[in-house]
Amino acid sequence: MGIVKIDGDLHEEARRASTVMCRSINAQAEFWMKIGMLAEANPTLSFNDIVKMQFAAADVRIAEAAAA
């Protein structure tokens, strides 16, 4: 664990987004960093493709969860 210095405006955006997404500010920032890293590594994938890929890696069955 470490400390990352970010711009105050970006911190405020993370705070707002964390409220909507029911995450802590740190968890929201970590999510954005992970998605950004995956997007850079896979520039042809859309955000939705990346999220689907992460669900599959975690063995989450989206269709079954949506039907429940």
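Along each chain, residues carry numbers from 1 onward, in the same order as the chain's sequence is written. A pLDDT threshold of at least 70 governs which residues receive local features in this predicted model, and a stricter bar of 80 or more applies before side-chain atom pairs are shown or counted, although totals over entire chains, interfaces and linings include all residues. Based on all heavy atoms of the structure, the side-chain values leave hydrogens and waters out of the count.

- The name that an unreviewed UniProt entry assigns to the chain is ParD-like family protein, with the source organism given as Edaphosphingomonas fennica.

1. A short note on the overall build of the chain
- Secondary structure assignment for the chain yields four helices and zero strands.
- Seen in sequence order, the chain has helices and strands lined up from the N terminus as α-α-α-α.
- Buried positions account for 10% of the 68 residues belonging to the chain.
- Note that accessible areas follow from Shrake-Rupley with a 1.4 Å probe, and for residues the cover is restricted to the protein chains shown. Here the chain has roughly 5,600 Å² of accessible surface; of this, 60% comes from carbon and sulfur atoms.
- Counting rule applied: Lys, Arg positive; Asp, Glu negative; His and chain ends not counted. All charge positions are set by atom: Lys at NZ, Arg at CZ, Asp at CG, Glu at CD. Computed over 7 positive and 9 negative side-chain charges, the inter-centroid distance for the chain is 3 Å. Here a helix means four or more residues in a row that DSSP labels H or I, a strand means two or more in a row labelled E, and each is numbered from the N terminus. For the exposure calls, accessible area comes from a 1.4 Å probe over protein chains only, and a residue counts as buried if that area is under 20% of its type's maximum, exposed if over 50%, partly exposed in between.

2. Describing the packing of helix 2 (residues 25-41) against helix 3 (residues 47-57)
- Axis definition: a line fitted to C-alpha atoms, over the contacting stretch in the case of helices. Angles run 0 to 180 degrees between N-to-C directions. At their nearest, the axes of helix 2 and helix 3 sit 10 Å apart, and the two run at 105 degrees to each other. It follows from the interaxial angle that helix 2 and helix 3 lie roughly perpendicular. In this structure, helix 2 contributes Phe-31, Lys-34, Ile-35, Leu-38 and Ala-39 to the contact, and helix 3 contributes Phe-47, Ile-50, Val-51, Met-53 and Gln-54.
- Residue classes follow a fixed rule: Ala, Val, Leu, Ile, Met, Phe, Trp, Tyr, Cys and Pro count as nonpolar, while Asp, Glu, Lys and Arg count as charged, and any other residue, Gly among them, counts as polar. Its residues assigned to classes, the contact of helix 2 with helix 3 shows eight nonpolar, one polar and one charged. For classification purposes, an angle smaller than 35 degrees is called roughly parallel, one larger than 145 roughly antiparallel, one from 65 to 115 roughly perpendicular, and anything else oblique. For this analysis, residues touch if any pair of their heavy atoms sits within 4.5 Å.

3. Some thoughts on the pattern of salt bridges
- Here a salt bridge means any side-chain nitrogen of Lys or Arg lying within 4 Å of a carboxyl oxygen belonging to Asp or Glu. As enumerated under the stated definition, the model contains four salt bridges in all.
- For Glu-12, the salt bridge identified is with Arg-16, shortest N-O distance 3.4 Å. Here Arg-16 and Glu-12 lie together in helix 1 (residues 8-20), a separation of four residues that amounts to about one turn.
- Glu-12 gets classed as partly exposed once you look at its relative accessible area, which sits at 26%.
- Since its relative accessible area comes to 45%, Arg-16 is described here as partly exposed.
- Each of the salt bridges in this network shares a partner with another, and the network as a whole consists of Glu-12, Glu-13, Arg-15 and Arg-16.

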